Amino acid sequence: LLFVFCFASGCSKFQLFEVYLLHFLFISFFIILFYCQKGKIMKREREERGEETVPVKKIKIEQKVPSSSSSSHSSSLFDHLPFELQCRIFSLISGFNTPHAYLLVNRTWNLLFPQNASSLNLVKYSERIDDDILLRICMRSPLLEKITLGKRGVHLKVTQKGLAHLSSLSRLKSLNFISCELTRDTLCILAKKLEKVETMNLTWCEITDQCMESVPLFTRLKHLSLQDSPISDNGLVWLEGMHLLSSLNFSFCASITDKGVSHLIRSVKSLKSLNLSGCLEVTDVTLRQIGDNLIKLKVLHLTGCKNISMDGKNYIRSSLPDCKVYSDSNYTPFKRRIFV
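Residues numbered from 1 in each chain as written. Predicted model: local features only at pLDDT ≥ 70, side-chain atom pairs only at ≥ 80, totals over all residues. Heavy atoms only, no water.

### Thoughts on the side chain of Asn176
Alright, step 1. Mapped onto the elements, Asn176 comes out in strand 3 (residues 174–178).
Alright, step 2. Reaching out from Asn176, the side chain makes a polar contact with the side chain of Ser174 at a distance of 3.0 Å.
Alright, step 3. When sequence neighbours within four positions are dropped, the list of residues in contact with Asn176 reads Lys146, Ile147, Thr148, Leu149 and Asn201. (Helix = DSSP H or I, 4+ residues; strand = E, 2+ residues; numbered from the N terminus. Polar contact = N/O pair within 3.5 Å; in protein donor to acceptor, adjacent residues only side chain to side chain. Contact = heavy atoms within 4.5 Å.)

Have a look at this one:
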């Protein structure tokens, strides 16, 4: 009506345009004001009903599934859940052959157990992992070449049956068990399937002479650690035919004596590193056998061997000039912590 009145009054086109523009801005202002008031009323009603307000943009971001090749993981709705519950959710997911199934679990699992990882360290989470979770890990990462499991002073929930699941990881080259209960049968199962294992760390695993029967089945083994194990000279006999061994760690194996070590040294002459720290029954007799047979030896640890004299150490230095001998006299506090 205002536009018709101005036209009838003989206003110019420019004046009519100004009137039309003012009219448009006036109507737009009231429309915006109306919707703002309506939004405030709806928000107040939701708050009274106790409903949370979630921005639409945030929902779209959380529902977006990242690609399997992406290194960054989007935030997940499950991040606040306890680790045990996250593991339980992971164990119930079906269809493990599809990459999208893994992404249904939160980013914690994607960071801890990345798909097709080559190395996996589970020391921090050893007390929370059981047989079922270990099975899922093996299914998720079939290309593993190195795995570390267990923690000193922590009761491991994984049984012998669960440890046997590792036999499916045919590419494993390094097995690291810390304070795990291992039997001869379990080691036998692993040895038959894991033909590429070159490094095996059985620190604090209570390996007995009976368990040692399965160790020679790892035909490619080069590095073996039996630190703080109750093995005796009878257990060392099983290592005599392993000519590929280049590193042995018998630190704090208090039951081994000169007889067992000397006999082993005469049959395994490929050793480049030998750790006898804390072996109280080892004397100069063993050192003479080392000097006469281990011509490739580069490193020898003798910390805490109280029955070894300076004459024995000098014999090693004269027989093996390229061998570095670590004993109580030349060990620094930092290096001692390795054997604590």
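### What about the confidence of the model for the protein chain?
Note that predicted coordinates carrying low pLDDT should not be read in detail.
Alright, step 1. Per-residue confidence for the protein chain averages 79 on the pLDDT scale, and 71% of its residues sit at or above 70.
Alright, step 2. Note that pLDDT drops below 50 for residues 52–76; the model gives that stretch 18 contacts with residues more than four away or on any other chain.
Alright, step 3. Here residues 331–340 is modelled with pLDDT under 50, and outside its nearest four sequence neighbours on either side it reaches 15 contacts, counting other chains as well. (pLDDT = per-residue confidence, 0-100.)

### Considerations on the nonpolar core
Alright, step 1. Ranked by internal contacts, the top residues of the largest apolar core, which has 68 residues, are Leu175, Phe177, Leu239, Phe250, Leu274 and Ile290.
Alright, step 2. Elements represented by at least two residues in this core include exactly helix 7 (131–140), strand 2 (146–150), strand 3, helix 9 (184–193), helix 11 (258–267) and helix 12 (284–293).
Alright, step 3. Residues contacting Phe177, with those up to four places away along its chain left out, are Leu149, Leu163, Leu166, Leu182, Leu190, Asn201, Leu202, Thr203 and Cys205. (Core = buried A, V, L, I, M, F, W, Y, C linked by side-chain atoms within 4.5 Å. Buried < 20%, exposed > 50% of the residue type's maximum accessible area, 1.4 Å probe, protein only.)

### A look at the pairing of strand 3
The side chains of a regular strand alternate, residue by residue, between the two faces of the sheet.
Alright, step 1. With 5 of its 5 residues buried, strand 3 lies for the most part within the structure.
Alright, step 2. Burial of strand 3 is two-sided: the residues Ser174, Asn176 and Ile178 facing one way and the residues Leu175 and Phe177 facing the other way are all buried.
Alright, step 3. Summarising the sheet, strand 2 and strand 3 pair through 5 bridges and their orientation is parallel. Paired with Lys146 across the two strands is Ser174, which belongs to strand 3. (Pairing = 2+ DSSP bridges.)

### Some thoughts on the side chain of Thr148
Alright, step 1. Note on placement: Thr148 falls in strand 2.
Alright, step 2. Residue classification places Thr148 among the buried residues on the basis of a relative accessible area of 11%.

### Digging into the pattern of salt bridges
Alright, step 1. All chains considered together, the criterion is met by 2 salt bridges.
Alright, step 2. Here Arg136 makes a salt bridge to Asp132, at a shortest N to O gap of 3.5 Å. Remark: Asp132 and Arg136 occur in helix 7; sequence separation between them is 4 residues, near one turn of the helix.
Alright, step 3. Given a relative accessible area of 15%, Arg136 falls into the buried group. (Salt bridge = Lys/Arg side-chain N within 4 Å of Asp/Glu carboxyl O.)

### Brief notes about helix 9
Alright, step 1. Taken as a whole, helix 9 has its buried residues at Thr186, Leu187, Leu190 and Ala191. With its buried residues spanning 130 degrees around the axis, helix 9 presents them on a single face. The exposed residues of helix 9 that point more than 90 degrees off its buried face are Asp185, Lys192 and Lys193.
Alright, step 2. Check the buried side of helix 9 and you find it contacts helix 8 (160–163) and strand 3. (Arc of directions from axis to C-beta.)

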